[in-house]
Structure formats: C-alpha cells, structure tokens
Amino acid sequence: MRTILVVGGGYAGFYTAWGLEKKLRRGEARVIVVDPRPYMTYQPFLPEVVAGSVEARHAAVSLRRHLRTTELVNGSVAKIDHAHRTVVVRPAVGEEFEIPYDILVVTAGAVTRKLAIPGVAESAIGMKHVEEAVAIRDRLLTAFDQAAVLPPSAARRRLLTVTFVGGGFSGVEGFGELLSLAQSLVKKYPALSADELQFHLVEARDRILPEVTDEPGRWVVSHLRRRGGNVHLNAQLRSAVDGHVVLSTGEEWDSELIVWTAGNGANPLVHNHTDLPIDARGQVTVRADLRIGTDEAPVADAWAAGDDAAVPDLAINQPGTATVPNAQHAVRQGRLLAKNIVAVLRGREPKPYVHHSLGTVATLGLGRGIFQWHRIVIKGFPAWLMHRGYHVLAVPTWERKIRVAAVWATALFFGRDIVSLASVQHPRQAFETGGEVATSSPPSPDRTLAGGRG
C-alpha cells in the first residue's frame, strides 16, 4: 500500500487529505499529514476573532476530529529529501525522526514576512494564527482597563493607540473590526472618550486592498477615515522600538499595540530545506495540474498547492502569471489535488487547475463591508451580510458552520463579549504571588508572543 505524505495541514493540506479520505478505496493508499498545529485555521474569521464576533476555537477546524482515517503527526517537517522519498520531522518533544513515503504533497503554506525594521520583532504581533488574533483582542481590552484608571497623559494616549502595518485584506479587515470594537467598547468606560482613540493604518503603496479596483479602494480609505481611523498611504514604517512608531513621512507616535500584516513570504522549509525545484520567489515550481516541476521536467510522485506553490493561473491569459495566494485558490487547489492524485493512482490523467474568481469581499467592522465582482461593487451593510453569508458557507464542516452561526445569532441579542483573558498568558501568576499585590506589571501578551510561534 502506497503512503501519501502531506506536508502541512492548512487550507490546501486539509482539503487534500479530506478529499483523499472520501475518494480512496480501502487499502488503496495510506495518508499521513504532518503539521505542528492540531487544527486548520480558517483565516477569514481572524478579524472577527479579533473583534469578538467569532469565538477563537470556532475559527480552528480540528484535524483529528474531521480527518478520521488520516494518520496525523504533530511536528514540523525540517527537511524534504524527495530523491530518497523521506522527510525529517521535528516534534515539539523528543528527537527528530524520518518518515518514508511514496507520494509527496507539499502544502506548507506561507509565513508572516517580517522586514528588518528596528523594533518590529520585539514590539509587533502578526495576525495569521488564532493565538495572535486572541492576543490582539485581549491586549486592546486590557489597555482600556488600564487607561480608565489613569489621568489624561502620554501613558493613557499610548494605551489607546493601535497601529496596523499593511493595507492588504488582513490589515484592512483587522483594522476595521478592531476599530469597531474599540468604538463600541469606549461607551462602557465613562472615564474615556472616543476622541482619545487613535487608530493608524500604515501602507507603503498609494492605495489599500490591491485586490479591488481604484475607486472601491479609495472609498474604503474614505470610509475608514470618516469613522476616525488614520490611514497613512505612501508611508513606510522606519522603526517601532519600544512601541514608538516612526514613519518615512516623518510622523511618529507611541503605540501600545502594533499589528504586522505587511504580507506573507514562502515557508523557509520550501526554499531552504528541500531538493525540489524552486522559483525566484522561493515557491515550489508547479505545473497546471499541480504536479511539481515543469512540462519539460516533471518531478515524479510530487505535488504541491496553496501559498507555497507557484501554480499557473490559466484563468488569466498572461503566460507566467501564478495564482494569487489566498484562501479561495488554496481550498479549490486542495480539492482538485485529491482528485488528481487518485486519478493518477488509477491510471487516468490529472486535470489542470482553472478557477475564475468569485469576487472579493471584506468586512470593515460590524455592519460594514465591501464586495466587488468585475464592475459590480456593493458597499456597507449588504456587503457585510454577503461576507458573513459566504464565509459561514465556506468554513469546512457543518459542525463549524452551526457553531459560528449560533455565536452570531446570540450576539444580535446580547452583543459581543468584552471580557479580556490576557491573564492566560501568565496562568501561574496568581498561584505564585499567593494573592499579594504585584509590584510591577507582567509583560504584555503581544510582547510575549512576538518572535515566538506566530
């Protein structure tokens, strides 16, 4: 029996394994998924996790619960040696070990791309994983509690200042949702004023949301500014040392929370620790049928999909153009990949990947959004409803759909939960102090997480 080894349990990896479970006959092949996390993160829900509109666990799809016949290995792949059909796995506990395979599927995904800007690694936090989204929300809620007992001062202004770096979908959606939460939260604090909130969105280009056309992009900027957000275009972050933000425009301020969403980069595993063909961007070279290699030089028994794969975009009549690394493509590539692997196992030809965009939709905060499909643009509340409707249908498994819909329905009557659980970052503090009042504050949650797992 052949072994199909899937490197990574994100969108593409999860859907590949899920599809293989449904299509493989008993005894036809054994499927192994290697991933350091026991779940697949549904990233479009992270902005709503940040705002408290979606429970954190509901944005995480358990691999063990839904991949029932797949063997799950908790660990990180440290090396792929396809010439000898082995991978080296590095578990969280214990020694490295090898896993042999017959067929390789590389779906390692992308990682947050950090630039060599002073202070970013120490002060900022990403927004790619559930843990990061929870920490961002808890840090904002904790900052409100801390600011409410301070007199008007520089320390209070800093606590009520939030900075997002990066104007792509993650940055804009996270910024809009957190701004919405903060503006509703300030009503619960009589000592604070909405005028004290300072939200900054920094983008190096002259526009945000590159996936939409110019006019809708300008509308989003205008909309965020009308709501009190400060959108800095053509501005680069020069420094974030100790939370002091300095831009290329000369503007600077102190920010308690800095969220880094300035793009993704190829997984280091792919471009540093494999013997597979890699392109100039560090992605795996992939054919249109998702097999690794080129039409002239295919790599036997090797497949790839998702953010770490340079999949030719056949829907665009531009040779050399690869599909955009987003959830829409990763999900559909994973589904096709499962079908193609089964087809080859049974002596049939695999099909090329072709997907025409279903449009782009983004949440800009509770009751606000934007949708574009070709020349059709929908703004405001209808777009927000479309965003929620699309993603509750797109999140895998009925169990997750029902849980998310139930939380949204409950929020209609009771609003969002505004309890901060930042103390979970220091679970032993109460035990260690025995009730004594601490003489100094514990480190901030986002500072604790910076440079770590996220």
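Analysis parameters
Residues numbered from 1 in each chain as written. Predicted model: local features only at pLDDT ≥ 70, side-chain atom pairs only at ≥ 80, totals over all residues. Heavy atoms only, no water. Helix = DSSP H or I, 4+ residues; strand = E, 2+ residues; numbered from the N terminus. Rg over C-alpha atoms; globule rule 2.2 N^0.38 Å. Buried < 20%, exposed > 50% of the residue type's maximum accessible area, 1.4 Å probe, protein only. Contact = heavy atoms within 4.5 Å. Areas by Shrake-Rupley, 256 points an atom, 1.4 Å probe, with all protein chains shown as cover. Pairing = 2+ DSSP bridges. UniProt positions renumbered as here; feature names shortened; annotations may be inferred. Core = buried A, V, L, I, M, F, W, Y, C linked by side-chain atoms within 4.5 Å. Axes fitted to C-alpha atoms, helices over the stretch in contact; angles between N-to-C directions. Salt bridge = Lys/Arg side-chain N within 4 Å of Asp/Glu carboxyl O. Expected span 1.5 Å × (residues − 1).

Looking at the overall build of the protein chain
(1) Moving on: Along the protein chain, the regular secondary structure elements total 14 helices and 26 strands.
(2) Moving on: Relative to the 2.2 N^0.38 estimate, which gives 22 Å for 454 residues, the radius of gyration of the protein chain is 23 Å and therefore close to what a compact globule would have.
(3) Moving on: Dimensions of the protein chain, computed from the C-alpha atoms along their principal axes, are close to 75 × 60 × 45 Å.
(4) Moving on: For the protein chain, buried positions account for 53% of its 454 residues.
(5) Moving on: A separation threshold of at least 6 residues defines the contact pool for the protein chain, and within that pool the share at least 24 residues apart is 69%.
(6) Moving on: By element, 54% of the accessible surface of the protein chain is carried by carbon and sulfur atoms, the whole surface being about 21300 Å².

A few points about the pairing of strand 18 (residues 257-260)
(1) Moving on: By the alternation rule, side chains of strand 18 split into Leu257 and Val259 and Ile258 and Trp260, which are all buried.
(2) Moving on: Pairing of strand 11 (residues 124-126) with strand 18, which is carried by 3 bridges, proceeds in the parallel orientation. Opposite Gly126, over in strand 18, you have Trp260 as the bridge partner.
(3) Moving on: Bridge count between strand 12 (residues 161-165) and strand 18: 4 bridges; the pairing is parallel. Residue pairing across strands places Phe164 opposite Val259, the latter belonging to strand 18.

Structural notes on the UniProt feature "domain: FAD/NAD(P)-binding" (unreviewed entry) in the protein chain
(1) Moving on: Residues annotated by UniProt as "domain: FAD/NAD(P)-binding" (unreviewed entry) correspond here to residues 3-334.
(2) Moving on: Segment residues 3-334 splits into 28% helix and 28% strand. End C-alpha atoms: 18 Å apart.

Notes on the nonpolar core
(1) Moving on: Counting 112 residues, the largest nonpolar core has Phe144 and Leu178 as the members making the most contacts within it.
(2) Moving on: The dominant element in this core, judged by the number of residues it contributes, is helix 5 (residues 130-147), at 9 residues.
(3) Moving on: The residues touching Phe144, leaving out its near neighbours within four places in the chain, are Leu160, Ala182, Leu185, Val186, Tyr189, Leu192 and Leu197.
(4) Moving on: Counting 13 residues, the second largest nonpolar core, distinct from the first, contains Val120, Ala235, Ala240 and Trp260.

Thoughts on the environment of Ala147
(1) Moving on: Position of Ala147 relative to the elements: it lies in helix 5.
(2) Moving on: Spatially, the C-alpha atom of Ala147 lies 29 Å from that of Thr410, the residues being 263 residues apart in sequence.
(3) Moving on: Excluding anything up to four places from it in sequence, Ala147 contacts Arg156, Leu159, Leu160 and Leu192.

Let's talk about the sheet that holds strand 25 (residues 368-373)
(1) Moving on: Reading across from one edge, 24-25-26 is the order of the 3 strands in this open sheet, with antiparallel pairing throughout. Among the strands making up the open sheet, the edge pair consists of strand 24 (360-365) and strand 26 (376-379). Mean inter-strand twist for the sheet, computed between neighbouring axes without regard to direction, equals 10 degrees.
(2) Moving on: Here 4 bridges tie strand 25 to strand 26, and the two strands are oriented antiparallel to one another. Each bridged residue has a counterpart across the sheet, and for Trp373 the counterpart in strand 26 is Ile376.
(3) Moving on: Of the strands in this sheet, strand 24 and strand 25 are in contact with helix 7 (residues 169-185), which crosses strand 24 at around 30 degrees.
(4) Moving on: Where helix 11 (residues 381-394) meets the sheet, its contacts fall on strand 24, strand 25 and strand 26, and the angle it forms with strand 24 comes to roughly 115 degrees.

Concerning the environment of Ala266
(1) Moving on: Along the chain, Ala266 turns up in strand 19 (residues 264-266).
(2) Moving on: Considering only alpha carbons, one finds Ala266 and Ser170, 96 residues apart in sequence, at a separation of 17 Å.
(3) Moving on: Those residues within four positions of Ala266 in sequence are excluded, and the remaining contacts are Val111, His271, Arg281, Gly282 and Gln283.

Digging into the sheet that holds strand 8 (residues 97-100)
(1) Moving on: In spatial order, the strands read 6-7-8; together these 3 strands make up an open sheet with antiparallel pairing. Single-partner strands in this sheet number two, and they are strand 6 (76-81) and strand 8. Averaged over all adjacent pairs, the angle separating strand axes in this sheet is 30 degrees, with direction ignored.
(2) Moving on: Relative to strand 8, strand 7 (residues 86-90) is paired through 4 bridges, and the arrangement is antiparallel. Bridge pairing in strand 8 links Thr86 to Pro100.

Notes on the pattern of salt bridges
Close approach of charged atoms lets side chains of opposite charge pair.
(1) Moving on: Applying the stated criterion across every chain yields a total of 16 salt bridges.
(2) Moving on: Here Arg139 makes a salt bridge to Glu256, at a shortest N to O gap of 1.8 Å. Here Arg139 is found in helix 5, whereas its partner Glu256 is found in the loop between strand 17 (252-254) and strand 18, with 117 residues between them in sequence.
(3) Moving on: Taking relative accessible area as the criterion, Arg139 reaches 3% and is therefore assigned buried.

Some points on helix 1 (residues 11-23)
(1) Moving on: For helix 1, built from 13 residues, the straight-helix expectation of 18 Å at 1.5 Å per residue is met to within 8% by its first-to-last C-alpha distance of 18 Å.
(2) Moving on: With 10 of 13 residues buried, helix 1 lies mostly within the body of the structure.
(3) Moving on: Those residues of helix 1 not exposed but buried are Tyr11, Ala12, Gly13, Phe14, Tyr15, Thr16, Ala17, Trp18, Gly19 and Leu20.

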